[in-house]
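For reference, the chains in residue letters:
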Amino acid sequence: MYSNILVAVDDSDTSRHALQQAVALAHGLAARLRVVHVIDMSWLALGPELAVDVEALTAARHGVGERIINAALDAVRQAGLDAEGAVIETETPGQRVEEAIAKEAGRWPADLVVLGTHGRRGFQRLVLGSAAEQIVRLSPVPVLLVPTASEARAT
């Protein structure tokens, strides 16, 4: 059914749980797995007037992204699978992380996107929004939303 599964990760428990689910799904379907981490470059629009070393800050963000991807790939290998990984950037100051994930799903090409959701409701969702909801709206392929392990047990 699904042969190319894209999973987006950050350094949260939520994304680690989503990665576990993506690994199980990829294993069961004999699917290829691609793990991505997106670096939000929208802050660059503020760069020149901040008098910061943009190159050093960008390199540091890439270093963190690489560590996140390497940890995820190690977890995939420990589960007995192989996967490819990539650190990608938002392409313009106006592009959101959610748009970058949806675009990568179409470019790779994925036929399923897996990502964690914090399950925010009420005021938190109103104020913070829902990245998962935006990806569902933008993705060219189906999206599997994985709640945190504690949310899954609470329901």
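Please refer to the structure placed before this passage.
One structure accompanies this document, and this report is about it.

Rules and cut-offs
- Residues numbered from 1 in each chain as written.
- Predicted model: local features only at pLDDT ≥ 70, side-chain atom pairs only at ≥ 80, totals over all residues.
- Heavy atoms only, no water.
- Helix = DSSP H or I, 4+ residues; strand = E, 2+ residues; numbered from the N terminus.
- Buried < 20%, exposed > 50% of the residue type's maximum accessible area, 1.4 Å probe, protein only.
- Contact = heavy atoms within 4.5 Å.
- Areas by Shrake-Rupley, 256 points an atom, 1.4 Å probe, with all protein chains shown as cover.
- Salt bridge = Lys/Arg side-chain N within 4 Å of Asp/Glu carboxyl O.
- Pairing = 2+ DSSP bridges.
- Axes fitted to C-alpha atoms, helices over the stretch in contact; angles between N-to-C directions.
- Parallel < 35°, antiparallel > 145°, perpendicular 65-115°, else oblique.
- Left-handed = near helix turned anticlockwise from the far one by under 90°.
- Nonpolar A, V, L, I, M, F, W, Y, C, P; charged D, E, K, R; others polar.
- Core = buried A, V, L, I, M, F, W, Y, C linked by side-chain atoms within 4.5 Å.

Attention now goes to the overall build of the protein. Secondary structure summary: the protein contains seven helices and five strands in total. Starting at the N terminus and walking to the C terminus, you meet the elements of the protein as β-α-β-α-α-β-α-β-α-α-β-α. Evaluated residue by residue, the protein yields a buried proportion of 39% over its 155 residues. Partitioning the contacts of the protein with sequence separation of at least 6, the portion at a separation of at least 24 is 75%. Total accessible area on the protein stands at roughly 8,700 Å², and carbon and sulfur atoms take up 55% of it.

The next thing to look at is the pattern of salt bridges. The tally for this structure, following the rule as stated, stands at ten salt bridges. R34 is the salt-bridge partner of E104, the closest N and O atoms lying 2.9 Å from each other. A residue pair is termed long-range when its members are at least 10 positions apart, and E104 in helix α4 (residues 97-107) and R34 in strand β2 (residues 32-39) qualify at 70 residues. Assessed through its relative accessible area of 8%, R34 is described here as buried. Among the residues examined, E104 registers a relative accessible area of 6% and is labelled buried. When salt bridges with common partners are traced through the structure, they connect R32, R34, E84, E104 and R107 into a single cluster.

Pairing is parallel across the open sheet formed by five strands, whose spatial order is β3-β2-β1-β4-β5. Lying at the two open borders of the sheet, with one neighbouring strand each, are β3 (84-89) and β5 (143-147). Neighbour-to-neighbour, the strand axes of the sheet open up by a mean angle of 25 degrees, direction not taken into account. Note: strand β4 (residues 112-117) against β5, five bridges, orientation parallel.

Geometrically, the link from W108 to P109 is a cis peptide bond, its omega value of 10 degrees lying close to zero. Looking at the element boundaries, P109 is found in the loop between α4 and β4.

Residue placement: S42 occurs in the loop between β2 and α2 (47-50). Relative accessible area serves as the criterion here: at 26%, S42 is assigned to the partly exposed category. Taking the C-alpha atoms as reference points, S42 and T90, separated by 48 residues in sequence, lie 7.3 Å from one another. Contact partners of S42, with chain neighbours within four places excluded, come to T90 and P93.

On to the packing of α4 against helix α6 (residues 131-138), then. Relative to each other, α4 and α6 sit at 40 degrees, their axes nearing to 9 Å. The angle between α4 and α6 falls in the class oblique. Judged by the twist between their axes, the crossing of α4 over α6 is right-handed. Judged by residue contacts, E98, E99, I101 and A102 of α4 engage A131, Q134, I135 and L138 from α6. The class makeup of the residues in the contact of α4 with α6 is five nonpolar, one polar and two charged.

Let us now look at the nonpolar core. Residues I5, L33 and V35 are the most contacted members of the largest nonpolar core, which totals 25 residues. Going through the elements one at a time, β1 (4-8), α1 (13-29), β2, α3 (54-78) and β4 are the ones with two or more residues in this core. Dropping the residues within four chain positions of it, L33 is found in contact with I5, V7, A22, V23, A26, V76, D82, A83, E84 and W108. Residues L6, A105, L115 and I135 belong to the second largest nonpolar core, which totals 16 residues.

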